[in-house]
Amino acid sequence: MNFYMENMTALKKKHLNIYDILKNNSYDSKDGDYELNIENISLIRSADGYNILNITKSGENYRMNSIYSLEYETKRWLENIKSHQINKVFILMGFGNGYYVEKLLEHVKNDDIVILYEPNIEIFKFVLENFELEKVLLRNNLHIFIGNNMLDDLRNLLQRLIYINNISSQSIIILPQYARLFPKELDVFYTTIRDNNQRVMMGERTNASFGKVIVNNTFSNIQFLDECNTINDYSNVFPKDVPAIIVSAGPSLAKNIELLNIAKGKAVIFSVDRALEQLYSEDILPDYTVTIDPKKPLDFFGKGYSVEVPLFTCLESNSNILKVHKGKKIFFKVSPFIDDILYKIGKGIFYNWNTGGSVATAAFTICVQMGFKKIILVGQDLAYAEDGKTSHVGNNANVIDSYKEKWVEGINGDKIKSRLDWFEYLNWFGDCIESCKDIGLEVIDATEGGAKIRGTQIMKLSEAIEKFCNKEVFVDKIEKKMKHSYVKKDLLRIEKQIDKGLLELELIKNKAITTSVLCEKMVKKCQRKTAEDKTGKLLTERIMKANEYMAHKLIFPLVDSYITQEAQLIMKDVFHLTDDKDQDMEISFTYSKKIYQLIEKATDDINKIICENFKRWSEGDQNI
């Protein structure tokens, strides 16, 4: 019996991208490394009456399941899978005949996540034709990716769904025979998961360490909304045939920095903060500079020079840098609380990008959003110099622990020394460039050294200037025409909303105090084994409603950011449960009480920060 049409209908409902691939035959079973040499796929019958796959590759037969008892084999397999943790994530390589997947879905909770990668589309298509899979395909918590061409989609999903609270609850599962059949694809599969996990841990360490600093910076920097511009004002203001040049501070910048004077006036030059000192020392004045780091040292912002060029920045960037900067500020990103306020008054900042985590990746997104169709990268090494020690231009050594080292492909095809954070940025650039193909973006890597960035044209800077920098552009004239983004009326409305946020802080504080008491009551009920009686359920419901109440307050994202580092230390073990349900609940409510106490303290701290740092426009201190 052919089940293909019924299964395709299910795919159309839940996995439309796969449906389109199969319907349009938009795949190539012999695509480079994806050539899997599958010669034949057939069915054989197991002793207990199930159809199992028999795959022939390179003259060898692979039975994908036990020929004696598929049911017993699957039962034993499930016994080894731990599913009692909260926020469990199962990541599978291989779909097989769908039976393992079906039984796993019956075994897991509805809010668990199941991610499946089938490397061979022909196997998947064969299974759709020969097995009834509607029940499996329609499951809301199942995410399926097939073939080499959907690996980027898999990476994107992992970035969205894997975070600090579920990263340790992942189960990586390779279905029988897939490791033998597809060793190259298995390596890519493991690498994809490992790289994403490294990204999560790096991001969480960054977010946690920046939480309190971000709140301080936000309310120190908010004064600069007066007389500022936002990235909205720069959409398509420069001619399409004029390139942007992003100057980073990699060690290779010393090779070609002097050529940037030739490009001046025929390209729009963006300098990252750390490259300013080197540019100024060579009498090269960029058109714009960029800074984003909440803790960026002042010495890395044009040390010894007065920086007056317009600055693309964020509200949470180091407030000391924004104070010493003498020119116009251009905000392209603000913290969630201020972002909500700006949208409330109809003056929101449209920036729909992941900054990528570094000032260079942020500069890249700024250029893309501004509408540049050609971007030339200079000094973007993402690797050490040939000595294996020099990390930045100017012979700056930044020696790191060896466990963070990463060897990557260089622009000449050789292996060069990099490190994990740079490797993350390297992948980010490749993914971002790939996603921008549809808008006609062309990226030229004129670094003349460093790591090979996927999707770029490698070219000497002299050649890139000769080829692309052929039209004059007058940045100063464009800047003079710019009007400030916020007028006095806007600033006063922002101030009013901040005052409402201060009132919300008091409401959040009171709710946190009462919820902490509720958690203590639940701890005692857990100890008495009465947590699930009528009173216990009512208390739990009140705690859940309190969470919703606080989360819906406009200022709560600031509170959440402020407590992140301490909250992670408290909650790191709460997702690893025992077999004693009452004990697990007691631990959960004990930790939750500590979090509410953190929230209580944070509301007082944030109130003090706002009152001490926010310079009110209504008091006439600002020149508006």
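All of these numbers come straight from a predicted model, not from anything done at the bench. (Residues numbered from 1 in each chain as written. Predicted model: local features only at pLDDT ≥ 70, side-chain atom pairs only at ≥ 80, totals over all residues. Heavy atoms only, no water.)

**Student:** Where do I start with the pairing of strand E14 (residues 374-378) in this structure?
**Tutor:** Both faces of the sheet carry side chains from a regular strand, because those side chains alternate between them. Counting buried residues along E14, four of its five residues qualify, which places the element largely inside the surrounding structure. With four bridges joining them, strand E9 (residues 244-247) and E14 adopt parallel strand pairing. What sits directly across from Ile245, in E14, is Ile376. Where E14 and strand E19 (residues 442-445) come together, four bridges link them in parallel fashion. What sits directly across from Ile375, in E19, is Val443. (Buried < 20%, exposed > 50% of the residue type's maximum accessible area, 1.4 Å probe, protein only. Helix = DSSP H or I, 4+ residues; strand = E, 2+ residues; numbered from the N terminus. Pairing = 2+ DSSP bridges.)

**Student:** Would you mind showing me how to read the sheet that holds E14 here?
**Tutor:** Hydrogen bonds between backbone groups are what pair the strands of a sheet, and the pairing can be parallel or antiparallel. The strand order across the open sheet built from nine strands is E8-E13-E12-E11-E10-E9-E14-E19-E20, with neighbouring strands paired in parallel fashion. This sheet does not close on itself; its edge strands, each paired only once, are strand E8 (229-230) and strand E20 (457-458). Bridge analysis of E9 against strand E10 (residues 268-272) gives four bridges, and the strand direction is parallel. Pairing of Val247 across the sheet is with Ser271, part of E10.

**Student:** Is there a simple way to think about the state of the cysteines in this case?
**Tutor:** Enumeration over the complete set of coordinates arrives at zero disulfides. The thiol of Cys228 is unpaired, and the distance to the nearest cysteine sulfur, on Cys314, comes to 13 Å. Accessibility expressed as a relative area gives 0% for Cys228, which makes it buried. (Disulfide = S-S within 2.5 Å.)

**Student:** Would you take a moment to explain the sheet that holds strand E3 (residues 60-63) for this structure?
**Tutor:** If you trace the three strands from one edge of the open sheet to the other, you get E1-E2-E3, paired in antiparallel fashion. In this open sheet, the two strands that pair with only one neighbour each are strand E1 (38-45) and E3. When the angles between neighbouring strand axes are averaged without regard to direction, this sheet yields 25°. When E1 meets strand E2 (residues 51-57), the two strands line up antiparallel, connected through seven bridges. Bridging from a neighbouring strand, Arg45 pairs with Asn51 of E2. (Axes fitted to C-alpha atoms, helices over the stretch in contact; angles between N-to-C directions.)

**Student:** Would you take a moment to explain the layout of surface pockets for this structure?
**Tutor:** Picture a little ball the size of a water molecule; that probe, rolled over the atoms, points out where space is still empty. When its volume is computed, the second largest pocket comes out at roughly 450 Å³. In this structure, the second largest pocket is lined by 26 residues; those nearest its centre are Lys255, Tyr384, Ala385, Glu386 and Gly450. Only helix H10 (253-256), strand E15 (390-392) and strand E18 (415-419) provide two or more residues apiece to the lining of the second largest pocket. If you tally residues by element for the lining of the second largest pocket, the top one is E18, at three residues. (1 Å grid on protein atoms, 1.4 Å probe; cavity = no way out; pocket = protein on both sides within 12 Å on 5 of 7 lines; lining within 4 Å. Points joined across faces, edges and corners; volume = space filled by probe spheres on them.)

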